[in-house]
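# Structural features, examined
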Amino acid sequence: MNNKRTTTDLSARHFSRYGEFLVSFELSKYGWNVYNPVYDEYIDLIIHKHVCEDCGKNWNLTPVLVCKKCGKDFSKTQKNKIIAKKICANCKYEMVGNKRKCEKCGSKNLINRPTCDICGGEIEMIDHSCKCGSKNYVTKFRTIQVKSSRIEYKNGKSKNTYAVDMKPRDLIKDKYHFYIWCLIDDDDKPHFLVMSVNDFKRVMGDSLKGISFFKDQDRQHFSARDFGKWKEFLNEFDKLE
Ligand SMILES: [Zn+2]
Ligand SMILES: [Zn+2]
Ligand SMILES: [Zn+2]
């Protein structure tokens, strides 16, 4: 007996959530942080990222700990290598470790000096700057509506098509709003179509004015092999940038 279960065993409700999760993880590959709205108002995900203004690389908002002298980066794995040096403000005597007063003159006025284990230079906390040299970043926010589809079957026979329901209320007029269609093939493998609202309108053309669309009865059926007229949007995650 074959106990293997696939996406087809999920209820429609769970499948729609499943699609949102798959899209979320896919988006995180492109450096997006993903959030769920508290209420479901046609927006399924809010995504957000910081990138370098000049080269577009992902930006780290947390400051870095580096040696002023040799440039060694202590931020990630090297924190335990930082030498806890204390310098007496009175006689300038240098000590290492948890000292409360100067070993030489007895002064309690000690200055902390996090010190590099390689060159003895002072470690400072500086704002992140990009490898390209830029000190400027931009914050991006996008809203996403996810629609998911499995392969359509009729009388137990694959139609080799996907079907996506689109409605007038989905046409949010905002250039930062996007649709991601998550299409699961018969091998349980996801395919993603990424498009803006305007992309959708362009491809729909006149059928956007059709009665069935107005009546919420429109259903886009398209080939599961080549995605039909929607294929130009396959993996177009760059559109979100
Ligand atoms: Zn850069
Ligand atoms: Zn150093
Ligand atoms: Zn001293």
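Keep in mind that this is a model prediction, so the values were computed, not measured. (Residues numbered from 1 in each chain as written. Chains lettered and ligands numbered in written order. Predicted model: local features only at pLDDT ≥ 70, side-chain atom pairs only at ≥ 80, totals over all residues.)

Within the chain one finds three helices and 14 strands. The C-alpha extent of the chain, read off along each of the three principal axes, is 90 × 50 × 30 Å. Counting across all 241 residues of the chain, residues that qualify as buried make up 17%. For the chain, the proportion of contacts with a sequence separation of at least 24, taken over those separated by at least 6, is 59%. (Helix = DSSP H or I, 4+ residues; strand = E, 2+ residues; numbered from the N terminus. Buried ≥ 20, exposed ≤ 12 C-beta atoms within 10 Å, placed from the backbone. Contact = placed C-beta atoms within 7 Å.)

Let us look at the domain arrangement of the chain. Under the domain assignment used here, the chain contains domain 1 (7-59 + 136-240) and domain 2 (64-126). Taking the mean C-alpha position of each, domain 1 and domain 2 sit 52 Å from one another. (Domains from an automatic or database assignment.)

On to the environment of histidine 191, then. With respect to the helices and strands, the residue histidine 191 is situated in strand 13 (residues 190-196). Taking the C-alpha atoms as reference points, histidine 191 and histidine 221, 30 residues apart in sequence, are found 15 Å from one another. Apart from the residues within four sequence positions on either side, histidine 191 is in contact with Leu183, Asp185 and Leu234.

This brings us to helix 1 (residues 12-29). When the terminal C-alpha atoms of helix 1 are compared, their 26 Å separation across 18 residues agrees well with the 26 Å that a helix rising 1.5 Å per residue should span. Those residues of helix 1 that sit buried are Gly19, Glu20, Val23, Ser24 and Leu27. With its buried residues spanning 140° around the axis, helix 1 presents them on a single face. Exposed side of helix 1, more than 90 degrees from the buried face: His14, Phe21, Phe25 and Lys29 are the residues found there. (Expected span 1.5 Å × (residues − 1). Arc of directions from axis to C-beta.)

The next subject is the sheet that holds strand 8 (residues 137-150). The strand order across the open sheet built from five strands is 1-2-8-12-13, with neighbouring strands paired in mixed fashion. Across the chains shown, the open sheet's two edge strands, defined by having one partner strand only, are strand 1 (33-35) and strand 13. Taken over all neighbouring pairs, the strand axes of this sheet differ in orientation by 30° on average, direction set aside. Bridging between strand 8 and strand 12 (residues 177-184) involves eight bridges; their strand directions are parallel. If you follow glutamine 145 over to strand 12, its bridge partner there is tyrosine 179. (Pairing = 2+ DSSP bridges. Axes fitted to C-alpha atoms, helices over the stretch in contact; angles between N-to-C directions.)

So, on to the nonpolar core. Core analysis: the largest hydrophobic core is formed by 21 residues, its most contacted members being Ile180 and Cys182. Sorting the residues of this core by element identifies helix 1, strand 2 (45-52), strand 8, strand 12 and strand 13 as the ones contributing at least two each. For this core, the leading source of residues is strand 12, giving seven residues. Contact partners of isoleucine 180, with chain neighbours within four places excluded, come to Val23, Ile144, Val146, Phe192 and Val194. (Core = buried A, V, L, I, M, F, W, Y, C linked by C-beta atoms within 7 Å.)

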